[in-house]
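Spelled out, the chains give:
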Amino acid sequence: MSAGAVAVLLWWLSCCGSALWRYYINSSDYSILSIRNWIQLEYEGKSFLSWNVSENCEVQHPNSPITKLHCVSPGFHAIQPNVRNQTQEEERYLKVGDSHVCFLWYFTSLNNFENLTQTVTIWVYDPESSSKEELEWYAQKPSLNSKILTNLLNTLGQYPHIGTIVKRITYKSSDLSSEGTWTVTVPMSSDDVVKEIRGTTVAFQDCFVANRKFILTHPLRIFTLGQGELPLTVPAGKPMLTAAGICVVTYSLVVTEDETFITYDAFLTWTRIRVPPGIMTDAERHNISGVAAFEGALIFITNGSLYLKTTKSFRKLGMEDSAPETGVLGISRRKWCKLRYLFKNSRRRSVMAVWTKSEVYLGYPTYKYAKVLDVPKLKAMLNFSKNDQVEMQYATYTWHSMELAVLISYCSLCTTTKIILLLLYNEDSPKWILQNLQLEVPVDRTLTAYFLYAAPPDVILWDAHSVYYFYKNFTISGILTAESGEINLSKLSAGSKIHSVNTGETGSVLVKMENSVIFYFMSDVTNAIKLPTWVNTTVKTALFMNQFTQFYMLYYSDQYGPQPHSYPLDLEVQSTSYKAQLRCPYVAFQHNIFSQFYTIDKGERLTFWTQLVYPENTGLNIAVEYYGPKIVTWTQEVSYEIASGFSTKSMLTTFFQEANYELADNYFKLQKKNMGLMLVQFRPSESSNMCPISKKVFEISVGCDVDTHIKVKGFGKTGCYHHDFSYVINKEFLRAKPPEDLKIRYDVEEYGCPQRLEFDMPFQPVIELFDEKGFVKIMDANFILWEIHGRDDYTFNSTMKQNGCINEAQTFKSMIEQNKDLPLDEVWGPHNYRTCFSYAIGKPGDLSQPYEIINSTNRNHLLWPMDHSGMYVFRVRVLDPNFSFCNLTTIFAIETFGVIPRPSFYLVAALLFVLMLTFISVLVLSYFWYAKIYRQFIFEPLHKPPSKRKKN
């Protein structure tokens, strides 16, 4: 909605509420607020007289409750309405910048299902001179002003591209079209959804285009409204229930007293969620107490039962799903978008937790459940007596990808108070561990928990009135305090209760009350600041995040339905902090940690740069903290610089693993010991609510990355000169010497295209290493290969002695003898590799044997038999135990040709017999022929005498 439409809506909703005032700019991105922008001021109430503003600002109509403001100089500017009855309205200190970044990127997307890509159409717009469609984000093409601006910037060299935040992949744009737009084609993604439009550094009229982070995911399954379906609501008088996707935050749900609404674009558009009649009673439909949103599925809690709604069905979950049928108190799913570790692990992972007073269940993607904790097990684990009353209070996932936290309460007499404890459960090593958290609360108190953005667990608990914090792995605890020293936030909010807690990845935490009062604090900070009133207390609101990962407020009324509006959180925090004279202890905290997830394999190193700028002589430093198994070591290089009253501390931190897996007694046990997930965070040693960012947290997974694989250079599965076929291997050429020949069916899809080589051409495979981004390098580690069907009629061109062996090297023949009970694929690998270059390992032997280990530098090649051709299918395995946690293997095939097949003995004998028979036959026939001629010459003269003539 436009600012004017929202003003009318809020005016209508506020009715007889108290007075307040707000401000807007044309863009939802308040980061571009500068001396260039016009700021709209709006007073809501009947006592308005005039606007009182800083001398460097000018108001168009000072006596109008709705007007525009323009400030000619940067800085904090005081703004306050003058009102009647000698009351004083809230004063804000609005920060106006002088940045030259004032244009924004606009984009639309189109799904291409035929090749699973998305076409993103991009142009530049100026919020001060753009169309209503662009400002309200439903434009499908640029306005005239935006088209002209885009063409001008293109002429000056502007060329946008889209970069992904997680995988750091860049996609280039096409040339500018006649419509004044660029297009970028990106693949559909579910684990790399946060993207950013970036451009070249080009200015027009001293204005640059701001980079724009946004969310773009694969198309979600859409819920539709069926004929005759009935609404789902919360009980009358209850606050709205909300739910949102963990990665696709624009996928959100709100349950009100009238309807349930769902959106896929941060409530720019929405639809109602209703259910078929006959499944729920009217009482159940109007008593929704919990909700969770998944892709293509919603789960509701009503009257202690679970109901599952998908895009195709609606049903109650129960015994057939191993789910609790009654008594369900709540449902929780992960709060942080941390799917990379889940995607890269083949084990089944839970997606939700469900609890009753006596049990905790984990739910899985198939919406099947498994009980992981109950009260009898809990009492036995914690040595509680049988008479102690123990109940499950709340369950939630932590910032750690694999951890679940459960709040439990116990008491003996249970008259006035109960004790709250917290247990952590790790799905990788399924066991429950009691944490150093203990809180005494009244017996009727219900607590909710949220784990904040941190490596060592930072958790906050809250009831209806107060927030309890436990920082730095539960070593620092207390009750959140407001500026006035009050710990009961309801007393500062006209008696309103806490409605929701929202967090961001900068470490910010927003505590929203039911009457829309908001308290703000940063993680690791123990006091909160109350932000200026933005919405009248009579308006029903909820906090969500939009496609630009910025907070917005959702207003709801039964007449207009849900309506989103941007909320300038940073400006409100800066105004309050400036007024209270709060300062950040440092000037800047910078780093090059761009991802939330990193993988370390054997031999790899991760290096990060961090820098802290702070006033001289304040003694700050950069703290490095971790959580989880210490499976990596790190070193630090620190440099200092002092200039102009500021100190700059720069630090290079390198993470690596020191374990040596060669000659390990138990290779697999040592690998398992040194694999796992470790959380790491960098933070300044001091922070405050005024700091823009308090820490940077990320995961380091030590182990095999499922996307790591190898290929033999020059081999593929396309372009084969023939497809699947069969061939026969002579039994003489097989290692096991079977009684019959072996017939093989060649599968191109499995083995790839065979490469044809002449029999006298030696061959050395070149092994290429790949990861999820593509080619990494030519692998230089040792590897072995063997013919998977058992052929052994090939050899190698170099001997053990030629390769420098001191003792006899391992061969397949020797390894088969040592592992007679194992199949050929398992007899030799990195787990039992022993080098031949040490006097202490192995024993002297025949070093004239062929050396069967290959690497990129030893020039060891395969040699083929000279007397016959054949088809060879080889499997390659990396042998170096210190190269990778992965079992790196691949397959390639060679077909030799150019040799005349060796004839059999019977064929040669038969040929010789035929030749000899032919020769003898010719001799005999020649004898009789010449004998005939000879006899003719004996009995007949060579010349007859001439006959005498007869006389007359």
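Residues numbered from 1 in each chain as written. Predicted model: local features only at pLDDT ≥ 70, side-chain atom pairs only at ≥ 80, totals over all residues. Heavy atoms only, no water.

### Remarks on the overall build of the chain
Then, number 1: On a plain count of helices and strands, the chain comes out with eleven helices and 63 strands.
Then, number 2: For 952 residues, the compact-globule formula gives about 30 Å, and the C-alpha radius of gyration of the chain, at 39 Å, lies well above that figure.
Then, number 3: Overall size of the chain, expressed as C-alpha extent along the three principal axes, is 180 × 90 × 75 Å.
Then, number 4: Residues classed as buried in the chain amount to 52% of the 952 residues present.
Then, number 5: Long-range pairs, those at least 24 residues apart, make up 62% of the contacts in the chain with a sequence separation of at least 6. (Helix = DSSP H or I, 4+ residues; strand = E, 2+ residues; numbered from the N terminus. Rg over C-alpha atoms; globule rule 2.2 N^0.38 Å. Buried < 20%, exposed > 50% of the residue type's maximum accessible area, 1.4 Å probe, protein only. Contact = heavy atoms within 4.5 Å.)

### Digging into the nonpolar core
Looking at soluble globular proteins, one finds that nonpolar side chains tend to be buried together.
Then, number 1: In this structure, Met392, Leu404, Ile408, Ile460, Leu461 and Val511 are the most contacted members of the largest nonpolar core, which totals 65 residues.
Then, number 2: When residues in this core are grouped by element, the largest group, seven residues, is from strand β32 (residues 417-426).
Then, number 3: Those residues in contact with Ile460 that sit more than four places away from it in its chain are Thr448, Ala449, Tyr450, Leu452, Val467, Tyr468, Tyr469, Val501, Val509 and Phe521.
Then, number 4: Within the second largest apolar cluster, 40 residues are counted, among which are Phe783, Ile784, Phe883 and Ile894. (Core = buried A, V, L, I, M, F, W, Y, C linked by side-chain atoms within 4.5 Å.)

### Re the confidence of the model for the chain
Then, number 1: Scored by pLDDT, the chain comes out at a mean of 90, with 95% of its residues at no less than 70.
Then, number 2: Confidence drops under pLDDT 50 across residues 948-952; counting only partners more than four residues distant or on other chains, this segment forms zero contacts. (pLDDT = per-residue confidence, 0-100.)

### A look at helix α7 (residues 569-579)
Then, number 1: Taken together, the buried positions of α7 are occupied by Leu569, Leu571, Glu572, Val573, Ser575, Thr576 and Ser577.
Then, number 2: As for α7, its buried residues are in contact with β1 (20-24), β7 (92-96), β39 (508-513), β40 (518-522), β41 (529-530) and β43 (551-557).
Then, number 3: Immediately beyond the C-terminal end of α7, within one or two residues, lies Gln581, with a positive phi of roughly 60 degrees.

### Some words on a nonpolar patch on the surface
Then, number 1: Together, Met916, Phe919, Ile920, Leu923, Val924, Tyr927 and Phe928 make up an exposed nonpolar region whose accessible area comes to about 780 Å².
Then, number 2: Along the chain, Val924 turns up in helix α11 (residues 905-939).
Then, number 3: Here Val924 falls in the partly exposed class, since its relative accessible area comes to 39%. (Patch = residues over 30% accessible without salt bridge, like charges linked within 9 Å, V, L, I, M, F, W, Y side chains within 5 Å. Areas by Shrake-Rupley, 256 points an atom, 1.4 Å probe, with all protein chains shown as cover. Salt bridge = Lys/Arg side-chain N within 4 Å of Asp/Glu carboxyl O.)

### Section: the state of the cysteines
Then, number 1: Tallied over the full model, the rule gives eight disulfides.
Then, number 2: Across the disulfide from Cys411 sits Cys414; the S-S distance is 1.6 Å. The S-S bond linking Cys411 to Cys414 shows a torsion near 95 degrees; that makes this disulfide right-handed.
Then, number 3: One disulfide bridge connects Cys584 with Cys691, the sulfur atoms lying 2.0 Å from each other. (Disulfide = S-S within 2.5 Å.)

### So, unusual backbone geometry
Then, number 1: One non-glycine residue with positive phi stands out, namely Asn303, at about 50 degrees.
Then, number 2: Its location among the elements puts Asn303 in the loop between β23 (297-302) and β24 (305-310).
Then, number 3: Look at Asn303 and you get partly exposed, because its relative accessible area is 44%.
Then, number 4: For Arg859, which is not a glycine, the phi torsion comes out positive at approximately 55 degrees.
Then, number 5: Here Arg859 is to be found in the loop between α10 (812-818) and β61 (862-863).
Then, number 6: Take Arg859: its relative accessible area is 68%, and that puts it in the exposed class.

### Re the pattern of salt bridges
Opposite charge on two side chains permits them to pair, given that their charged atoms come into close proximity.
Then, number 1: Summed over all chains, the structure comprises 26 salt bridges.
Then, number 2: Between Lys371 and Asp374 there is a salt bridge, with the nearest N and O atoms lying 3.6 Å from each other.
Then, number 3: Among the residues examined, Lys371 registers a relative accessible area of 43% and is labelled partly exposed.
Then, number 4: Taken together, the salt bridges that share partners define one network made up of Asp458, Lys472, Asp524 and Lys695.

### Considerations on the side chain of Thr119
Then, number 1: Checked against the element boundaries, Thr119 lands in strand β9 (residues 117-125).
Then, number 2: Only 2.8 Å separates the side chain of Thr119 from the side chain of Asn112, close enough to count as a polar contact.
Then, number 3: Among residues more than four places away in sequence, those in contact with Thr119 are Thr108, Ser109, Leu110, Asn112, Thr183, Val184 and Thr185. (Polar contact = N/O pair within 3.5 Å; in protein donor to acceptor, adjacent residues only side chain to side chain.)

### Re helix α3 (residues 144-155)
Then, number 1: An ideal rise of 1.5 Å per residue puts 16 Å on twelve residues; α3 measures up with 17 Å between its terminal C-alpha atoms.
Then, number 2: When we look at burial in α3, the residues that qualify are Ser146, Leu149, Thr150 and Leu153. One side of α3 holds all its buried residues, which, seen down the axis, span an arc of 100 degrees. Across α3 from its buried face, at more than 90 degrees, point the exposed residues Leu144 and Thr155.
Then, number 3: For α3, the secondary structure elements touched by its buried residues are β8 (101-112), β9, α2 (132-135), β12 (182-187) and β14 (208-209).
Then, number 4: After α3 finishes, the residue Gly157 shows a positive phi value of roughly 110 degrees. (Expected span 1.5 Å × (residues − 1). Arc of directions from axis to C-beta.)

### Some points on the sheet that holds β39
Then, number 1: Taken together, four strands build an open sheet; the order of strands is β38-β39-β40-β41 and the sheet is antiparallel. Edge positions in the sheet fall to β38 (498-503) and β41, since each of these pairs with one other strand and no more.
Then, number 2: Judged from the two bridges that link them, β40 and β41 form a sheet pairing that is antiparallel. Following the sheet pairing, Tyr520 is matched in β41 by Ile529. (Pairing = 2+ DSSP bridges.)

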